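Take a look at the letters that make up each chain.
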Amino acid sequence: MFLISVVGVAAVIICFIVPLNGAASRGLSGIGYIKAAKCNFILNIMGIYSTVDDIINRRRNRLKLPQKKDQVAVITGGSRGIGLEVVKKLLKCEMSVAIGCRNVLSGEEVVKKIREDGILSGDVKVYHLDMESMTSVREFAVKVKADYPKIHVLINNAGIMFAPFKLTGGDDPLNPVMESHFSVNYAGHFLLTHLLLPNLKNAGQEDIQHARVVNVSSIAHFAGDINFEDIASEKCYMPGAAYAQSKLAQVLFTRHLEKLFQDSDIPIHVYAVHPGVCDTDLFKGTYIKKAMPWLVHFFFKHPARGATTIMFPAVAPTAESLGGTYLSNCEVYTPSASARDDTKAKELFNYTCTLLGIEQFIPQVL
Ligand SMILES: NC(=O)c1ccc[n+]([C@@H]2O[C@H](COP(=O)([O-])OP(=O)(O)OC[C@H]3O[C@@H](n4cnc5c(N)ncnc54)[C@H](OP(=O)(O)O)[C@@H]3O)[C@@H](O)[C@H]2O)c1
């Protein structure tokens, strides 16, 4: 009993003081250290919870891939990690897949490898996309819209975690200054969803199956808060808090947008999904991966299983009635209290529209 208590207390202390990340915080003072410790604690605890949950619910995380010939899926960050595994599954569904990634040549190499490995169904095109630049997001959207008049599935997957402090954009009013997690994980996807709306709507069918937008969020959103006073973390930067803020923003966006679509009878559903704690490059540079790579390899979910979790809202017929929800392991989970705050969701939505120069998120012509 004594030993269990000592281990328990030590574990709690470690959760508070050991940040998951290697990147440095900036501008911390007084209360900032307490906030950083609280954020680390929640990230560590939720990470452990999710890892256990992924193991326990392994059997639920299953999906029979439906045939979706002639349907189109667009995915950001599809050439590595979980996104790459999602691309393989979309192709197995015989879909046409548009991948947005930073390095088109390496994306095309990845596609070649997929084909060599025997996945020959579906077709796939690789486009340049850098989510740190809203100009790049706009260019990507123009090309994809021209090539695919109907888009059935949009998977907002690209992401960064625990990156060093960086401000993106600023060269153009339509490419505003943003903190990099906010830009890559949330705002770039917000803009992309807005720009692809006409094509998503074209694909959505009122009575059969709506088009679907899947926001790949994270259980890390439980540690998040939307800090409207310093949303770009210029005064005080904590990598964990910046990641958690962007992931919370994705869940708030999901819930608010689903309501807007329902209110306007637009045949598109929006989902937020936590893919599980997966062994990918996202953890590169974290203490856990450096110190105990075997532990990560052994206990974390394989990216292919994380991809199944994302495929569920993207293509499963049974997900049709689950628009606006937060999912993991092919089931609905309750998101954090902050993520369920409708007032905050609306405030963030309006803030982001103003920031990105979007006058009407849902154009009247739709
Ligand atoms: N792994 C996990 O345990 C976990 C848990 C919860 C949520 N997630 C979420 O799952 C998603 C995928 O993560 P992952 O684990 O597969 O990570 P990953 O292996 O590091 O892959 C990240 C992907 O995002 C792309 N990306 C990063 N910055 C970009 C930018 N500026 N512009 C365009 N694309 C960019 C990368 O493309 P490049 O090849 O161009 O770098 C890569 O394809 C992320 O949104 C992440 O937050 C992951």
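As shown above, the structure is provided for reference.
Read on for a plain summary of the structure.

Calculation notes
Residues numbered from 1 in each chain as written. Predicted model: local features only at pLDDT ≥ 70, side-chain atom pairs only at ≥ 80, totals over all residues. Heavy atoms only, no water. Helix = DSSP H or I, 4+ residues; strand = E, 2+ residues; numbered from the N terminus. Rg over C-alpha atoms; globule rule 2.2 N^0.38 Å. Buried < 20%, exposed > 50% of the residue type's maximum accessible area, 1.4 Å probe, protein only. Contact = heavy atoms within 4.5 Å. Areas by Shrake-Rupley, 256 points an atom, 1.4 Å probe, with all protein chains shown as cover. Lys, Arg positive; Asp, Glu negative; His and termini not counted. Charge placed at Lys NZ, Arg CZ, Asp CG, Glu CD. Salt bridge = Lys/Arg side-chain N within 4 Å of Asp/Glu carboxyl O. Near = heavy atom within 4 Å. Polar contact = N/O pair within 3.5 Å; in protein donor to acceptor, adjacent residues only side chain to side chain. Axes fitted to C-alpha atoms, helices over the stretch in contact; angles between N-to-C directions. Parallel < 35°, antiparallel > 145°, perpendicular 65-115°, else oblique. Left-handed = near helix turned anticlockwise from the far one by under 90°. Nonpolar A, V, L, I, M, F, W, Y, C, P; charged D, E, K, R; others polar.

1. Some thoughts on the overall build of the protein chain
Scanning the protein chain for helices and strands turns up 11 helices and 10 strands. Here the C-alpha radius of gyration of the protein chain, 20 Å, is about what a compact globule of 366 residues would show, namely 21 Å. Principal axes of the C-alpha set define a box for the protein chain whose edges measure 60 × 45 × 40 Å. For the protein chain, the residues scored as buried account for 54% of the 366 residues in total. Look at the contacts in the protein chain between residues 6 or more apart in sequence, and 78% of them connect residues 24 or more apart. Looking at the protein chain as shown, the accessible area adds up to about 16500 Å², and 58% of this sits on carbon and sulfur atoms. Across the protein chain, 38 positive and 34 negative side-chain charges occur, with their mean positions spaced 6 Å apart.

2. A few points about the pattern of salt bridges
Two side chains that carry opposite charge are able to pair once their charged atoms sit near each other. For the structure on display, the rule yields 12 salt bridges. A salt bridge links D117 to K113; its shortest N-O distance comes to 2.9 Å. With relative accessibility at 46%, the residue K113 sits in the partly exposed group. R255 is the partner of D342 in a salt bridge, and the nearest nitrogen-oxygen pair spans 3.4 Å. A residue pair is termed long-range when its members are at least 10 positions apart, and D342 in helix α11 (residues 342–356) and R255 in helix α7 (residues 239–263) qualify at 87 residues. Classification of D342 by relative accessible area gives partly exposed; the value is 38%.

3. Section: the site of the ligand
Around the ligand sit 29 residues, and of these R80, R102, N157, C278 and T280 come closest. Within the contact set of the ligand, an oxygen atom lies 2.7 Å away from a side-chain nitrogen or oxygen of R80. A distance of 2.7 Å separates an oxygen atom of the ligand from a polar atom in the backbone of N157. Protein coverage of the free-state accessible area of the ligand, which is 880 Å², stands at 95%.

4. Focus: the environment of V177
Tracing the backbone shows V177 in the loop between β5 (167–168) and β6 (178–179). Residue classification places V177 among the partly exposed positions, given a relative accessible area of 42%. The sequence separation of V177 and L356 amounts to 179 residues, and the corresponding C-alpha distance is 9.9 Å. Beyond its immediate sequence surroundings of up to four residues, V177 is in contact with L167, T168, G169 and G170.

5. Things to note about the packing of helix α5 (residues 134–147) against helix α6 (residues 180–203)
At a minimum axis distance of 10 Å, the contact between α5 and α6 shows a crossing angle of 30 degrees. If you check the angle between α5 and α6, you find them roughly parallel. Regarding α5 and α6, the two cross each other, and that crossing is right-handed. Along the contact surface, α5 presents M134, V137, R138, F140, A141, V144 and K145, while α6 presents S183, A187, G188, L191, L192, L195, L196, P198 and N199. Across the contact of α5 with α6, the residue classes tally to 11 nonpolar, three polar and two charged.

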